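# Topology and contacts: notes
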Amino acid sequence: KTPGGLGQELEISWLLFVFFSSDIEISRAQSPKAVDVLAKEIGLLTDEIEIYGQTKAKVRLSLLERLKDQPDGKYVLVAGITPTPLGEGKSTVTIGLVQALTAHLDINSFACLRQPSQGPTFGVKGGAAGGGYAQVIPMEEFNLHLTGDIHAITAANNLLAAAIDARILHENTQSDKALYNRLVPVVNGVRGFSAIQLARLRRLGINKSDPGTLTEEEVSKFARLDIDPSTITWQRVVDTNDRFLRKITVGQANTEKGFIRQAQFDIAVASEIMAILALTTSLQDMKERLGKMVVANDKKGEPVTAEDLGVTGALAVLMKDAIKPTLMQTLEGTPVFVHAGPFANIAHGNSSVLADKIALKLVGETGFVVTEAGFGADIGMEKFFNIKCRASGLVPSVVVLVATVRALKMHGGGPNVTAGAPLKKEYTEENLQLVADGCCNLQKQIQIAQLFGVPVVVALNVFKTDSVAEVDLVCKIAKQSGAFDAVPCNHWSAGGRGAVKLAQAVEKAARQKNSFKYLYSLELPIVEKIRIIAQKVYGAEDIELSLAAQTQIDRYTRQGFGNLPICMAKTHLSLSHQPERKGVPTGFILPISDVRASIGAGFIYPLVGTMSTMPGLPTRPCFYDIDLDPITEQVKGLF
């Protein structure tokens with residue numbers, strides 16, 4: 001910006017470009033540095049990266065061994081108030097914050113983000129790379145395929161699904177002897193157990209290695225998993241919003257010999273394998289977790305695992321590249337790890353432990369790693385602390401809680417918002433009473449963070465329709481409610497320089513005494529852990545278990561899974577189980593309709609009400625606007 005009138009004209013031109021350009025146009029206006037240059041800048045060695053094109057690379061896990069003695073940086077979590085259709089902008093804040101730290105305050109920082117699902121990208125939400133001048137570039141690569149991790153998860157998940165049904169079919173149609181001979185065939189004149197079969201024998205208490213020495217009883221015990229089809233919990237997945245796959249029938253071909261059952265598809269990011277990818281700490285750990293996945297019960301009520309099906313090694317092979325975080329960058333050249341993408345309302349909703357661990361080593365003791373939790377602090381943040389931090393052993397330094405004036409107005413009783421319709425005047429004109437009423441939700445989310453003993457900085461994502469008085473009111477109430485600080489942010493229109501005050505507040509908060517603690521002990525009974533979350537986090541009066549939920553809790557406790565953390569599957573649109581109840585609902589009983597287990601990922605997940613694991617397409621999906629220029633090969637209309 002130059003002095004005098006010319007500078008003012010340039011500033012006005014820049015603002016016009018910001019407000020009338022799409023995210024993808026802004027993304028393309030900045031040429032990203034070559035990824036090998038970025039890797040060298042952040043201290044990666046040549047043999048520690050695997051380059052995918054010019055702008056992204058996989059990072060090898062060997063880096064953790066090389067940097068094992070390097071002190072970790074500060075660990076910052078970005079969470080939010082209860083989401084509304086108006087959007088809060090957690091991803092934008094995450095990216096704006098690291099741009100401010102590194103590009104403007106010269107402090108090493110890293111953003112760690114989840115990979116977006118193709119379902120919402122082509123459905124209703126659009127991209128997840130941030131927005132305006134606070135986004136990951138190239139945004140079309142970030143939002144489409146990336147390095148194929150979700151495709152690998154889909155392949156692994158569906159291989160296991162195929163193995164389950166095939167095993168039931170073969171057991172139903174063969175004698176013990178025929179089944180055993182096919183499971184342990186003669187190859188080149190030699191008959192032997194594979195390594196995974198020997199492991200199964202040991203688990204069964206059969207200490208033999210010669211296939212010819214097993215008794216008839218041992219042959220039957222080894223060969224038959226005896227899966228009860230009514231207990232199968234493992235579903236097929238696809239990374240597309242396809243409502244007609246919510247319930248399907250499999251096995252209708254004549255070749256399946258009458259083995260017909262009802263099943264369903266989930267969206268790929270809802271797979272337990274995605275949750276495992278996000279929580280694993282090494283290749284060996286991932287392989288062990290994959291083997292522990294419980295897919296059904298046998299007819300005696302005992303769990304059947306992927307290891308029992310003999311598929312663990314094959315799943316690990318399909319996931320061997322997906323376990324490596326993908327390196328990208330922001331508009332201002334700050335490094336970003338994109339890795340994993342579990343949903344936050346049905347899984348734990350956080351990016352990977354491995355990405356965080358590697359980034360914390362790379363930034364050094366005085367640097368910052370900023371990671372994002374899905375949905376509101378009552379869901380994504382609670383699971384970050386109670387599930388992800390338990391898996392990683394990492395201690396968070398600061399919570400950044402994102403809010404907007406207009407979302408707070410909705411929590412204060414503002415009118416409903418319809419997609420595509422103009423916003424009503426309550427959201428575009430000053431209304432201090434609505435803002436004050438809606439701040440109850442912000443106050444509650446601050447209190448939830450304080451349950452864990454971590455300092456909170458409120459980031460108020462400012463829109464052009466917000467008045468100065470409204471912004472000041474939110475910041476005042478936030479600080480009165482226990483936030484360490486509350487800062488207005490303009491990173492969407494100004495990039496990193498619009499989040500400098502937020503970065504400074506986060507840096508100061510990270511110096512505060514940290515008394516981080518978990519919300520509950522793992523040794524507590526499953527019911528008590530559920531009740532603590534319901535009462536202390538959601539504000540429920542109590543919980544109510546269905547007969548099915550109580551039966552499952554009893555079964556998991558008997559099977560030895562009672563000491564796992566809890567991952568509540570609940571609507572993200574309210575602190576309660578009722579999406580329409582905004583603000584801070586009180587006096588409600590939280591209904592637990594069912595309880596399921598992700599043993600490989602390492603958590604029990606109660607279902608609060610009815611939860612869909614397969615989104616549907618709206619009347620007018622985002623794909624109407626998405627196109628490809630056949631000459632330039634550029635994607636159009638992505639976001």
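As recorded by an unreviewed UniProt entry, the protein carries the name formate--tetrahydrofolate ligase and is attributed to Amazona collaria. The protein has a UniProt comment under Subunit (unreviewed entry) that states "Homodimer." Database annotation for the protein, UniProt heading Pathway (unreviewed entry): "One-carbon metabolism; tetrahydrofolate interconversion."

## Considerations on the overall build of the protein
Scanning the protein from terminus to terminus reveals 24 helices and 25 strands. In summary, the protein has a C-alpha radius of gyration of 26 Å against a globular reference of 26 Å for 639 residues, a match within 12%. Each principal axis of the C-alpha atoms in the protein carries an extent, and together these give about 95 × 55 × 50 Å. A buried classification covers 56% of the 639 residues belonging to the protein. A fraction of 74% describes how many contacts in the protein between residues 6 or more apart in sequence connect residues 24 or more apart. As displayed, the protein has an accessible area near 26400 Å², and 52% of this comes from carbon and sulfur atoms. The positive charge centre, built from 66 side chains, and the negative charge centre, built from 65, are 3 Å apart in the protein.

## Here's the deal with the packing of helix α9 (residues 176–183) against helix α11 (residues 216–223)
Two numbers describe how α9 lies on α11: the axes approach to 9 Å, and their chain directions differ by 65°. The element α9 and its partner α11 pack so that their crossing is left-handed. Across the interface between the two elements, Asp176, Leu179, Tyr180 and Leu183 of α9 pack against Val219, Ser220, Phe222 and Ala223 of α11. Among the residues making up the contact of α9 with α11, the classes are represented as 6 nonpolar, 1 polar and 1 charged.

## Digging into the pattern of salt bridges
Inspection of every chain in the model, using the stated rule, returns 28 salt bridges. Note that Arg224 is salt-bridged to Asp176, the shortest N-O span being 2.4 Å. Of this pair, Arg224 sits in the loop between α11 and β9 (236–238) while Asp176 is found in helix α9, placing the two residues 48 residues apart along the sequence. Lys208 serves as the salt-bridge partner of Glu218, at 2.8 Å between the closest nitrogen and oxygen. With a gap of 10 residues between them, Glu218 in helix α11 and Lys208 in the loop between α10 (195–203) and α11 connect regions that are remote in the sequence. Classification of Glu218 as buried rests on a relative accessible area of 18%. Taking the relative accessible area as the measure of exposure, Lys208 reaches 27% and is therefore partly exposed. Taken together, the salt bridges that share partners define one network made up of Glu50, Arg60, Lys320, Asp321 and Lys324.

## Structural notes on the sheet that holds strand β22 (residues 589–598)
Across the sheet, 3 strands lie side by side as β21-β22-β23; this open sheet has mixed pairing. Edge positions in the sheet fall to β21 (542–545) and β23 (603–608), since each of these pairs with one other strand and no more. Here the strands of the sheet are splayed against their neighbours by 50° on average, with no regard to which way each runs. Pairing analysis gives 6 bridges linking β22 to β23, with the strands arranged antiparallel. The residue of β23 that forms the bridge with Ala597 is Ile604.

## Considerations on unusual backbone geometry
Residue Ile137 is joined to Pro138 through a cis peptide bond whose omega torsion reads -10°. Its location among the elements puts Pro138 in the loop between β6 (134–137) and α7 (139–143). The phi angle at Asp106 is positive, at roughly 60°, despite the residue not being glycine. Here Asp106 is to be found in the loop between α5 (90–104) and β4 (109–113). Its identity is not glycine, yet Asp226 carries a phi of approximately 55°, on the positive side. Along the chain, Asp226 turns up in the loop between α11 and β9. In this structure Asp226 comes out as partly exposed when scored by relative accessible area, which is 33%.

## Quick word on the nonpolar core
By size, the foremost hydrophobic cluster in this structure holds 86 residues, and its most contacted members are Leu327, Phe337, Met381, Phe385, Leu442 and Leu590. Broken down by element, the residue count for this core peaks at 8 residues, all from helix α23 (residues 526–538). Ignoring any residue separated from it by four or fewer positions in sequence, one finds Leu590 in contact with Ala534, Tyr538, Ala540, Asp542, Ile543, Glu544, Met568, His577 and Val608. Among the nonpolar cores identified, the runner-up in size contains 57 residues, and Ile150, Ile248, Met274 and Met293 belong to it.

## Points about the environment of Glu140
The residue Glu140 is located in helix α7 in this model. Relative accessible area serves as the criterion here: at 16%, Glu140 is assigned to the buried category. The contacts of Glu140, once residues within four sequence positions are left out, are Ile24, Ser27, Arg28, Val635 and Leu638.

## As for the layout of surface pockets
Its volume calculated, the second largest pocket comes out at about 1000 Å³. Around the second largest pocket, the lining comprises 47 residues; the ones closest to its centre are Thr233, Gln235, Gln264, Arg596 and Tyr605. The set of elements that each furnish at least two residues to the lining of the second largest pocket consists of β11 (261–263), β12 (265–267), α12 (272–279), β13 (294–297), α24 (547–558), β22 and β23. With 5 residues, the single largest contributor to the lining of the second largest pocket is β22. Classifying every residue of the lining of the second largest pocket by side-chain character gives 22 nonpolar, 17 polar and 8 charged.

So, how was this worked out
Residue indices follow the written sequence of each chain, beginning from 1 at its first position. Local features are withheld for residues below a pLDDT of 70 in this predicted model, meaning they are given only at 70 or higher, and side-chain atom pairs are given and counted only at 80 or more; totals for whole chains, interfaces and linings count all residues. For the side-chain quantities, the full set of heavy atoms in the structure was used; hydrogens and water were omitted. UniProt positions are given in the numbering used here, feature names are shortened, and annotations may be inferred rather than shown by experiment. Secondary structure counts use DSSP, requiring at least four H or I residues in a row for a helix and at least two E residues in a row for a strand, with both numbered from the N terminus. Restricting the calculation to C-alpha atoms gives the radius of gyration, and the globule rule supplies 2.2 Å times the number of residues raised to the power 0.38. Here's how the labels work: a residue is buried when its accessible area is under 20% of the maximum for its type, exposed when over 50%, partly exposed in between, all with a 1.4 Å probe on protein chains only. Residue contacts follow a heavy-atom distance rule, with two residues in contact if any of their heavy atoms lie within 4.5 Å. Residue exposure ignores everything except the shown protein chains as possible cover, and the areas themselves are Shrake-Rupley values with a 1.4 Å probe. Asp and Glu count as negative and Lys and Arg as positive, but His and the ends of the chain are not part of the count. By convention, charge coordinates are those of NZ in Lys, CZ in Arg, CG in Asp, or CD in Glu. Only C-alpha atoms enter the line fits that serve as axes; for helices the fit covers just the stretch in contact. Angles between N-to-C directions range over 0 to 180 degrees. Should the near helix be turned anticlockwise from the far one by less than a right angle, the crossing is left-handed, and should it be turned clockwise, the crossing is right-handed. The nonpolar class holds Ala, Val, Leu, Ile, Met, Phe, Trp, Tyr, Cys and Pro. Asp, Glu, Lys and Arg form the charged class, and all remaining residues, Gly among them, are polar. Basic side-chain nitrogens of Lys or Arg form a salt bridge, by our definition, when they fall within 4 Å of a carboxyl oxygen of Asp or Glu. A pair of strands counts as paired when DSSP detects no fewer than two bridges linking them. What is meant by a nonpolar core is a set of buried Ala, Val, Leu, Ile, Met, Phe, Trp, Tyr and Cys residues, joined one to another through side-chain atoms within 4.5 Å. Here a cavity means grid points, on a 1 Å grid over the protein atoms only, where a 1.4 Å probe fits yet cannot get out; a pocket means an open set of points with protein on both sides within 12 Å along at least five of seven lines; lining residues are those with an atom within 4 Å of a point. Grid points are joined across faces, edges and corners, and a volume is the space filled by probe spheres set on the points.

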